[in-house]
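# An overview of the molecular structure
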Amino acid sequence: MPEGPAASAVPVGTPVRQARLSTVPLPGADTVPPPWPGGQVPVRGGEVHVRRTPWTGPLDGAGAPRERALYVHGLGGASTNWTDLAALLAVRFDGWAVDLPGFGRSRPPARSSYSVRGHVAAVVDVLERIVAEPGDGAGRPVHLLGNSLGGLVSLFVAASRPNLVATLTLISPAMPVYRVPGVFSRTLLLLLLPGIPALAERRLSGATPEQQVRGMVQVCFGDPRRVPRARLDQALEEMRERAGQPWATRALTRSMRSLITSYLRVGPGNAWRLARSLRPPTLVVWGDRDRLVDPALAPRLAAAVPDGRLQVLEGVGHVAMLEAAEPVARAVLALAEDAAGQPAHDEDAARAS
């Protein structure tokens, strides 16, 4: 899948630093935690819903920093996409997960504009509030994690406000490409044509919540059998709730149109150019069965970022934080440890020797 002149400026075969995995003890995966509680947070032009995952501290009782993290979901997703990963990362992070404007429990943005720039502004506002919140970690940059559209938004945030971002984790980010994956419906491919978004909204609104969840699982997961039954039930309940929101399909179609339009941006605002200017240490995570964003982009993006490292997960699809939460958590924790200048754990050092 070609990704344009800006991406091709990274020579094929450029060495890529592989992600290290932290060996800190993590909670077991015996239970499926319910979605974390949340509430409305003011942002410019309105409010967004933000869920909070409280810090638990290390399981072994050892001393560890108490830092802060913000999670940004992808197109058609919600803050609940981060439930499992946030639970694991709570050994180090106080976590916040935002519903982008028009998604989850967040109302539409002012003037119903779903531009990528608008989503970036909302995330910046939430980050500023997290940094300013009293307590451990107050005033310090936040670890920023984004998936798909949320990954692209997070990249823009880190490039424009590096003072707010301690580390950046991009999970299958929706980087600009110039050939749309075949799994996208023809309806969505027509979104750039005048009048078509309204037609797409009518067609998409005709799908039942059950059909939407089934389609999401088939497209987004490398192996749908890995999805716990409890997670499917939660997703169905969430989709039914969303079906009652009059703006639900509009948020999806208009955000998709804005995403495709952003791919046409050239010059210094192009996402591939901005990737080469990123200052925070960055982890690029991709599933090798991603059907929405070509996994071939993974090493190129990791090589483009000045302080980038790469984690490719075998048999995993587009939402690695849902399908492979533990290995993703270990890579994120290692990134935070390295950024803080912590020495590798004994097992890590043994593997490196």
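Description of the structure in this document. Please read all numbers here as calculations on a predicted model, not as lab measurements.

So, how was this worked out
Residues numbered from 1 in each chain as written. Predicted model: local features only at pLDDT ≥ 70, side-chain atom pairs only at ≥ 80, totals over all residues. Heavy atoms only, no water. Helix = DSSP H or I, 4+ residues; strand = E, 2+ residues; numbered from the N terminus. Buried < 20%, exposed > 50% of the residue type's maximum accessible area, 1.4 Å probe, protein only. Contact = heavy atoms within 4.5 Å. Areas by Shrake-Rupley, 256 points an atom, 1.4 Å probe, with all protein chains shown as cover. Core = buried A, V, L, I, M, F, W, Y, C linked by side-chain atoms within 4.5 Å. Axes fitted to C-alpha atoms, helices over the stretch in contact; angles between N-to-C directions. Parallel < 35°, antiparallel > 145°, perpendicular 65-115°, else oblique. Left-handed = near helix turned anticlockwise from the far one by under 90°. Pairing = 2+ DSSP bridges.

### Section: the overall build of the protein chain
Helix and strand counts for the protein chain stand at 14 helices and eight strands. In the protein chain, which comprises 353 residues, the proportion classed as buried is 51%. Here the analysis covers contacts within the protein chain between residues at least 6 apart in sequence; of these, 79% occur between residues at least 24 apart. Working note: accessible area of the protein chain is about 15,400 Å², and carbon and sulfur atoms make up 55% of it.

### A look at the nonpolar core
Ranked by internal contacts, the top residues of the largest apolar core, which has 90 residues, are Leu70, Tyr71, Leu89, Val123, Leu127, Leu144 and Leu301. The contact partners of Leu144, leaving out residues within four places of it in the chain, are Leu70, Val72, Val123, Leu127, Ser154, Val157, Val165, Thr167, Leu168 and Thr169.

### Quick notes on the side chain of Asp125
Examined against the element boundaries, Asp125 turns out to sit in helix α3 (residues 116-132). The buried category is assigned to Asp125, whose relative accessible area is 10%. Residues contacting Asp125, with those up to four places away along its chain left out, are Val43 and Arg44.

### Brief notes about the packing of helix α7 (residues 209-220) against helix α8 (residues 229-243)
The interhelical angle for the contact between α7 and α8, taken along N-to-C directions, is 130°, at an axis separation of 9 Å. The angle between the axes of α7 and α8 places the two elements in the oblique class. Where α7 crosses over α8, the handedness of that crossing is right-handed. For the pair α7 and α8, the contacting residues are Pro209, Glu210, Gln212, Val213, Met216 and Val217 in the first and Leu232, Ala235, Leu236, Met239, Arg240 and Ala243 in the second.

### Brief notes about the environment of Pro268
For Pro268, the location among the structural elements is in the loop between α9 (248-262) and α10 (271-275). Relative accessible area serves as the criterion here: at 71%, Pro268 is assigned to the exposed category. Excluding residues within four positions of it along the chain, Pro268 makes contact with Arg273 and Leu274.

### Focus: the pairing of strand β2 (residues 46-53)
Of the pairings in the sheet, the one linking strand β1 (residues 38-43) to β2 comprises six bridges and is antiparallel in character. Residue pairing for β2: Gly39 is matched across the bridge by Val50. Following β1, the chain reverses through two residues before pairing antiparallel with β2; Gly45 in that reversal takes a positive phi of roughly 85°.

### Quick notes on the sheet that holds strand β3 (residues 67-72)
Read from one edge of the open sheet, eight strands run β1-β2-β4-β3-β5-β6-β7-β8, paired in mixed fashion. Taken across any chain shown, the strands that pair with only one partner, and hence form the sheet edges, are β1 and β8 (308-313). Strand-to-strand twist across the sheet, computed as the mean angle between neighbouring axes with direction ignored, equals 25°. Packed on one face of the sheet, α3 meets β1, β2, β3, β4 (93-98), β5 (142-147) and β6 (165-171) and runs near 160° to β3. Against the sheet, helix α4 (residues 149-160) touches β3, β5 and β6, its axis set at about 145° to β5.

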